[in-house]
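Notes for the structure review
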Amino acid sequence: MMKYQVAVVVGSLRRESFNRQLATAMARLAPADFAFDPLPIADLPLYNQDDDGRQAEPVQRLKAQIKAAHALLFVTPEYNRSIPGVLKNAIDHASRPHGQSAWAGKPAGVLGASVSAIGTSMAQQHLRNILAYLDMPTMGQPEAFIQAKAGLFDANGNVGPDSRKFLQAWMDRYVAWVKWHAA
Ligand SMILES: Cc1cc2nc3c(=O)[nH]c(=O)nc-3n(C[C@H](O)[C@H](O)[C@H](O)COP(=O)(O)O)c2cc1C
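Reading guide: rules and limits
- Residues numbered from 1 in each chain as written.
- Predicted model: local features only at pLDDT ≥ 70, side-chain atom pairs only at ≥ 80, totals over all residues.
- Heavy atoms only, no water.
- Helix = DSSP H or I, 4+ residues; strand = E, 2+ residues; numbered from the N terminus.
- Rg over C-alpha atoms; globule rule 2.2 N^0.38 Å.
- Buried < 20%, exposed > 50% of the residue type's maximum accessible area, 1.4 Å probe, protein only.
- Contact = heavy atoms within 4.5 Å.
- Lys, Arg positive; Asp, Glu negative; His and termini not counted.
- Charge placed at Lys NZ, Arg CZ, Asp CG, Glu CD.
- Pairing = 2+ DSSP bridges.
- Axes fitted to C-alpha atoms, helices over the stretch in contact; angles between N-to-C directions.
- Polar contact = N/O pair within 3.5 Å; in protein donor to acceptor, adjacent residues only side chain to side chain.
- Near = heavy atom within 4 Å.
- Areas by Shrake-Rupley, 256 points an atom, 1.4 Å probe, with all protein chains shown as cover.
- Nonpolar A, V, L, I, M, F, W, Y, C, P; charged D, E, K, R; others polar.
- Salt bridge = Lys/Arg side-chain N within 4 Å of Asp/Glu carboxyl O.
- Phe/Tyr/Trp six-rings, centres within 6.5 Å; stacked < 30°, edge-to-face > 60°.
- Core = buried A, V, L, I, M, F, W, Y, C linked by side-chain atoms within 4.5 Å.

What follows deals with the overall build of the protein chain. Of the regular secondary structure elements, the protein chain holds five helices and five strands. For the protein chain, the α and β elements follow one another from N to C terminus as β-α-β-α-β-α-β-α-β-α. In terms of C-alpha radius of gyration, the protein chain reaches 16 Å, essentially the compact-globule figure of 16 Å for 183 residues. In terms of overall dimensions, the protein chain has a C-alpha envelope of 50 × 40 × 25 Å along the principal axes. Burial statistics for the protein chain: of 183 residues in total, 47% are counted as buried. Put simply, 79% of the contacts in the protein chain that link residues at least 6 apart link residues at least 24 apart. Positive and negative side-chain charges of the protein chain, numbering 19 and 15 respectively, have mean locations separated by a distance of 3 Å.

Given below as structure tokens:
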């Protein structure tokens, strides 16, 4: 059976990150022919254009993982009404050197969880702006601005009953959309 490989970028390094929990729970909503692998970004150096000619090993690994994936899934918090710096750092690394971006053409889904009710809408919009520039087709609907509150996850880390139907529909659409791009 062909496996669709999805590289998952979580925009938070926090140990108990809601967004990492959400990424894990979302992967469980996908069918068996989808594999979700985390794209580590914590070990990347700060981006410096001087290093474009000799990218560090973690950067090379990041780019190889992106190139090997059929699609990307970004699950990110909002920091000060934008995306976290660690996520932008990773995006910048893999976009370089000029003309050798790993992102180009890779379809992407965007999700985000925040403690605030309107959380992540601005971060997601900023992220969509960046992904458009990087020539990444990004699923437009449904949008998912998830509030991290009690009951979002059950005791086993699955999506809780209140959000289950909505997030299952999101995943079903994403799966169909990734397959359409891969065909
Ligand atoms: C530096 C910083 C800035 C934040 N800015 C926002 C914000 O603009 N909007 C928002 O909804 N939440 C904001 N928050 C709260 C986050 O939603 C909350 O910390 C969330 O748990 C982060 O996601 P995580 O659990 O995946 O780490 C901010 C948190 C931090 C640490």
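A separate point is the sheet that holds strand E3 (residues 71-75). The strand order across the open sheet formed by five strands is E2-E1-E3-E4-E5, and the pairing between neighbours is parallel. A strand with exactly one partner marks an edge of an open sheet, and here the two such strands are strand E2 (34-38) and strand E5 (145-147). Across the sheet, the mean angle from the axis of one strand to that of its neighbour is 25°, orientation sign disregarded. In terms of strand pairing, strand E1 (residues 4-10) meets E3 through five bridges, oriented parallel. Bridge assignment links Ala7 to a residue of E3, and that residue is Leu72. Against the sheet, helix H1 (residues 18-27) touches E1, E2, E3, strand E4 (108-114) and E5, its axis set at about 130° to E4.

Let us now look at the side chain of His93. Residue position: His93 is located in helix H3 (residues 85-94). At 2.7 Å, the side chain of His93 forms a polar contact with the backbone oxygen of Pro45. Filtering out sequence-adjacent residues up to four positions away, His93 remains in contact with Leu44, Pro45, Leu46, Tyr47, Gln55, Val59, Leu62 and Lys63.

A separate point is the site of the ligand. The ligand sits among 14 residues. The nearest are Ser12, Arg14, Ser17, Asn19 and Ser114. Contact between the ligand and Asn80: a nitrogen atom at 2.8 Å from a main-chain N or O atom of the residue. Within the complex, 75% of the 610 Å² of free accessible area of the ligand lies under protein. The residue makeup of the shell around the ligand, split by class, is four nonpolar, seven polar and three charged.

Before going further, it helps to examine the pattern of salt bridges. The final tally for this structure, using the stated rule, is five salt bridges. The shortest N-O distance in the salt bridge between Asp33 and Lys179 comes to 3.1 Å. Taken as a pair, Asp33 in the loop between H1 and E2 and Lys179 in helix H5 (residues 161-182) lie far apart in primary sequence, 146 residues in all. Using a relative accessible area of 13% as the deciding quantity, one classes Asp33 as buried.

Within this structure, the stated rule accounts for four aromatic pairs. Arranged with centres 5.0 Å apart and planes meeting at 20°, the rings of Tyr4 and Phe34 form a pair that is stacked. Remark: Phe34 occurs in strand E2 and Tyr4 occurs in strand E1; sequence separation between them is 30 residues. Grouping residues by exposure puts Tyr4 and Phe34 together as buried. Between Phe74 and Trp103, the aromatic rings sit 5.8 Å apart at their centres with planes inclined by 40°, giving tilted as the arrangement. Of this pair, Phe74 sits in strand E3 while Trp103 sits in the loop between H3 and E4, and the two are 29 residues apart along the sequence.

The biggest cluster of nonpolar side chains holds 31 residues, and the ones touching the most others in it are Phe36, Leu73, Trp170, Met171 and Tyr174. Broken down by element, the residue count for this core peaks at seven residues, all from H5. Not counting residues up to four positions away in its chain, the partners in contact with Tyr174 are Val6, Phe36, Ala71, Leu72, Leu73, Ala108, Gly109 and Met139. Core analysis: the second largest hydrophobic core is formed by 26 residues, Ile66, Ile91, Trp103 and Leu134 among them.

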